[in-house]
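Now for the letters of each chain:
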Amino acid sequence: MRVQLIESFSATVNGRALALPGTQAPRILALLAMESGRTVPHERIRSMLWPDRAPATADRQVSNQLSVLRGALRSAGFEGLTTRNRVCVLEGAATDIDLLDADVSTARALARERRFDQALPLLRRCAESIPDEPLGGLAGEAFHAESIRLLSLRNTLRLEIADCLRHAGGHREGAAVAASLFAADRLSGKVARILMDCLLGAGERAKALAVFEEHRTALSELLGIDPDAETADLHLRLLREESGRDGPRAEPTGPVPRELPASPHVFVGREAEIDELSHAMGEVRGTPGVVCLNGPGGMGKSSAAIQLAHREAGGYPDGQVYLDLQGHTPGSAPTAPEDALRSLLRSFGAPVAESADRRELVSLWRTASSAKRALLVFDNVRDSAQVRDLLPGSGECGVIVTSRRMLALPQACAAIRLEPLGPEESARLVGEYLGGERWDEHRESVERIVLACAGMPLALGIAAAECRQAGAGRTADFASRLEAETSRLKALEVDDFAVRASIAMSVAELEGTFGVDSDIVGLFRLLGQFPGTVLSVNAVASGLAVEPGEARTLLDRLVAYELASHDGDRYKVQGLIRAYSAERAPRDWFDEGRPVFVERLAGYYAATMDRAVRTRNPKLNPRSPTTGPGELPAGAVPESFADMSSAASWYGREEENFTALLAMSAPYPRTAPLWAVMALRAGQLHPDYGTSPRAVDRMIDRAASDPRLLDRRQLYAVRTARYMRLLRVGDGGGAAAEVDRYMTEADLDGVERAYCLSQKANGLYFAGRSTEAASVAEEAASLAVAVSSPEAEHYAFMFGSRALEAAGDHAGACRSADRCVDAADRVGQAPFTTDARRSRVFRYVRAGRVEEAAELLAGLGTGREGAPIPGRRERAEHLWAEGEVLRALGRADEAAARFAEAVTLLRRGGVLSDAEYRGLVRESAPEAPFPFSKTL
């Protein structure tokens, strides 16, 4: 579907005009088209239609209009409008505003690349397409705001047209365009500058000075301020120019160096970084424009700098100079600043006495460069001291600096750190080297190679060179060598290019600064032993047995030497740097240090997962077997969580790491008790944090690999984790049998036996054996009462009430639910009290006590996003309860909305499979009870 908005509203579907009745449906479609692909609440549509005061029937009218609109679209063959839960979204619609914005982006990209012959026609067409009254006939705040944006865009485009004309040599035409804008806005410094530049280029120096005076007068009279620094600097330059320089810029005199290396044969990615640096250089006036690229070795800094330099070369008529300062070149000493200064002066034909010292060379260079508009590329800089004296002191030179380290250069107007390429860009880079036919021939092997190179352009280039020379068999063998960490760096060597040598330079600098036996070098040598490539401060502190502050200091030093990088509040180690670190681990460490190191890391993850569970329930009953198995390691430094959201964020980020730790811990049976903790906690976290079931299975297997190492509470934890896993895969009978086996084998006290009976009842319930489940739950409740465990009572009565309801005894189910609430109140903790009350709502509504259920539910808050009900499962269960109450009250549409919200919440949390989700979405009013109680 295409929607026209800029001139006036119209819509077509498959080329045919769409007819909409009335005035409201077109306005709604216009709003949805402007927000295409984004959700629009009904409330926003209502405020658009009735901005002052909406009628009492406004919500119904909005729903009716959306129904009319959806029907008209479907009749035309368009199915892109969906509405649910008082929210709607239009997908698959393109507006003329979208096309305009895309054309503007293209034109600006062409202008940044100095392709003015292509940019100018597109900019003109975009500016001319915007009328004086955009979005004619569409009333409303959203349309008014967009109309203002379009008018502002038109003026901006006209200014960009003038700027492009100036750069392309069309000074007089550019001056005419800029003059019309200046007449309408004498306060804009940017408009004044472009007009002054155009007039100067056209030989109208006096008129350019007059524009400045007019601009300054307007600012003074209307705002009481002076022109901005850039405009004032341009004015000062005009005043200082000699009369002989009036008119267009004189041709360069003396040698004009053209020293840039050829552009890379293959260059992929980095478009955003190059655009940002290009824009920064273009914004600087009257002073040198210095930009910096930094990042680890092999990240493609030199290639990006050369690519940028070739793009900008046309704007620097006095020449382009390239210097490799060899700051990190294996086997070479860094270039001395004095030698670099002599090279610069010779490039521009300046005489240099051999006896000149550094101070004299700096003075000569600053004098020579002050009158130049040249582009200087200083590549492979070691540190700020090496390059500081090479920067021009004045003039309009452009300077591009690359270095592994972040440089302290106050002159820099922009600095960007290059990160590894993403998977798609990495694949594109190798594909460009190989060509389509060879890529298709070796696709499977090449995809493995791309993954092993971890986004490092140097590694990808070396790998591509190897693949070009290899047949299918050799390429597969090369991929296998790269996948093996022990042979990866050896494989990435070709001619004088080697990833290992590139990394070794940074490590040698680290060792030279701090000493080979320093703590920082020791940490680097152990980076390859941590699971995964992203580390938290507390994980490092736990693994090294140091304070978190000391761990952060060490990690920050690695960042300074480009051997790690910041990843939010964590630290990232590039995959090939990690492989180099693994090679450098002390030989005796694997026998003596590694077992202790792995145990410390396992302790960190166990302690943090335990704390994540306690974030949900900070007052776990110490008598409960589900509280936690045994003591956690004293040296562990777990993370702290302000709320469940932060706990969820940590868990999601770290799952890959502690899964990798599983493999690392295989030779060390002493970690089994810690895996018992993690297996239990991962199962308890699953409903909200989406634990991989396979990972939980592996934790269970690792913990149970040698039961002799586990005490009774740890054995109970492993059994409970396995029981929870069986429930999640729908094997209630297997879960009940697991409990039976444990009760037979273990010597249980009364509390533990009460818990086990409750869990058995729950398994029988999910196996469809409701009567048997109710009987076992009654036994569990009697035992819990006898041993005075209100927590165990809570579970027994909750599971028993569900089983009684399933067996058809609704009165008994309600009595059991009441006793569950009483037990939860005696526990006195929010998760118990709210779960018990919500369970009672279900029992009441299904027993026909709808009004009582509705009253009980009202006291529990709301399950919508942002409300104070913690956890995705809790919110989903609450929404389901609301749906059942609303359905019983005859409000079917509202009930269906609640059910849909609950299903969506659980799908996001990974509790529902795709098949379960699709099945439940098709049911607007499911007849089944809340199907996720197995997560309780």
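First things first, this report covers the structure right here in the doc. (Residues numbered from 1 in each chain as written. Predicted model: local features only at pLDDT ≥ 70, side-chain atom pairs only at ≥ 80, totals over all residues. Heavy atoms only, no water.)

Considerations on the sheet that holds strand 7 (residues 94-95)
Worth spelling out the cut-off: Two strands are counted as paired when DSSP detects at least two bridges linking them. Numbering goes from the N terminus for both helices and strands, where a helix is a DSSP run of H or I of at least four residues and a strand is a run of E of at least two.
Strand order in the open sheet made by the four strands is 3-2-1-7, with mixed pairing throughout. The open sheet has two edge strands, strand 3 (16-17) and strand 7, and neither has a second partner. Pairing of strand 1 (residues 2-4) with strand 7, which is carried by two bridges, proceeds in the parallel orientation. Along strand 7, the bridge assignment pairs Val3 with Thr95.

What to know about the pattern of salt bridges
For clarity, the cut-off: Should a side-chain nitrogen of Lys or Arg be within 4 Å of a carboxyl oxygen of Asp or Glu, the pair is scored as a salt bridge. Accessible area is worked out with a 1.4 Å probe on protein chains only. A residue is then buried under 20% of its type maximum, exposed over 50%, and partly exposed in between.
Applying the stated criterion across every chain, the model contains 41 salt bridges. Salt-bridge contacts for Asp228 lead to Arg193; the nearest nitrogen and oxygen are separated by 3.3 Å. Separated by 35 residues along the polypeptide, Asp228 in the loop between helix 9 (205-222) and helix 10 (229-240) and Arg193 in helix 8 (residues 189-201) bring together distant segments of the chain. With a relative accessible area of 34%, Asp228 lands in the partly exposed category. Put simply, Glu852 and Arg849 hold a salt bridge, and the shortest N to O gap is 2.9 Å. Judged by its relative accessible area of 37%, Glu852 falls in the partly exposed class. We classify Arg849 as partly exposed; its relative accessible area is 29%.

Here we look at the packing of aromatic side chains
Here is the rule: Ring pairs shown here join Phe, Tyr and Trp side chains whose ring centres sit within 6.5 Å, with only the six-membered ring taken for Trp; geometry is labelled stacked below 30 degrees between planes, edge-to-face above 60, and tilted in between. Charges are assigned to positions over rings by a cutoff of 6 Å between ring centre and Lys NZ or Arg CZ, combined with an angular limit of 35 degrees from the ring normal.
If you walk through the whole model with that rule in mind, you get 10 aromatic pairs. Consider the rings of Phe641 and Trp650, whose centres lie 5.9 Å apart with planes at 55 degrees: the pair is tilted. A relative accessible area of 14% places Phe641 in the buried class. Judged by relative accessible area, Trp650 falls into the buried class, the value being 2%. Here the aromatic residues Tyr604, Tyr605, Phe641 and Trp650 are joined through ring pairs into a cluster of three or more. Its end group placed over the ring of Tyr844, Arg849 keeps NZ or CZ at 3.9 Å from the ring centre.

A short note on helix 26 (residues 575-583)
An α-helical segment advances 3.6 residues per turn. Residues three or four places apart therefore align on the same side. Condition: Any pair of N or O atoms that falls within 3.5 Å is considered a polar contact. Within protein, one atom must be able to donate a hydrogen and the other to accept it, and sequence-neighbouring residues count only if both atoms are side-chain atoms.
Most of helix 26 is tucked away, with eight of its nine residues classed as buried. Listed as buried for helix 26 are Gly575, Leu576, Ile577, Arg578, Ala579, Tyr580, Ser581 and Ala582. Capping the start of helix 26 is the job of one residue whose side-chain oxygen sits 2.8 Å from the backbone nitrogen of Leu576: Gln574.

Overview of the environment of Lys190
Tracing the sequence through the fold places Lys190 in helix 8. Once the C-alpha coordinates of Lys190 and Thr231 are considered, the two residues, 41 residues apart in sequence, prove to be 7.7 Å apart.

Remarks on the packing of helix 6 (residues 141-167) against helix 8
Going by this rule: Only the stretch in contact is used when a helix axis is fitted, and all axes are lines through C-alpha atoms; the angle between N-to-C directions ranges over 0 to 180 degrees. When describing relative orientation, an angle under 35 degrees is termed roughly parallel and one over 145 degrees roughly antiparallel, while 65 to 115 degrees is termed roughly perpendicular and anything else oblique. Working rule for handedness: look at the near helix, and if it is turned counterclockwise from the far one by less than a right angle, call the crossing left-handed; if clockwise, right-handed. Residues count as neighbours in contact if any of their non-hydrogen atoms are within 4.5 Å of one another. Three classes are used, and their members are as follows: Ala, Val, Leu, Ile, Met, Phe, Trp, Tyr, Cys and Pro are nonpolar, Asp, Glu, Lys and Arg are charged, and the others, Gly among them, are polar.
The interhelical angle for the contact between helix 6 and helix 8, taken along N-to-C directions, is 30 degrees, at an axis separation of 10 Å. Taken together, helix 6 and helix 8 sit at an angle that is classed as roughly parallel. Handedness of the crossing formed by helix 6 with helix 8: left-handed. Residues Leu159, Ala162, Asp163 and Arg166 of helix 6 form the contact with helix 8, whose own contacting residues are Lys190, Val191, Ile194, Asp197 and Cys198. Taken together, the residues of the contact of helix 6 with helix 8 break down into five nonpolar, no polar and four charged.

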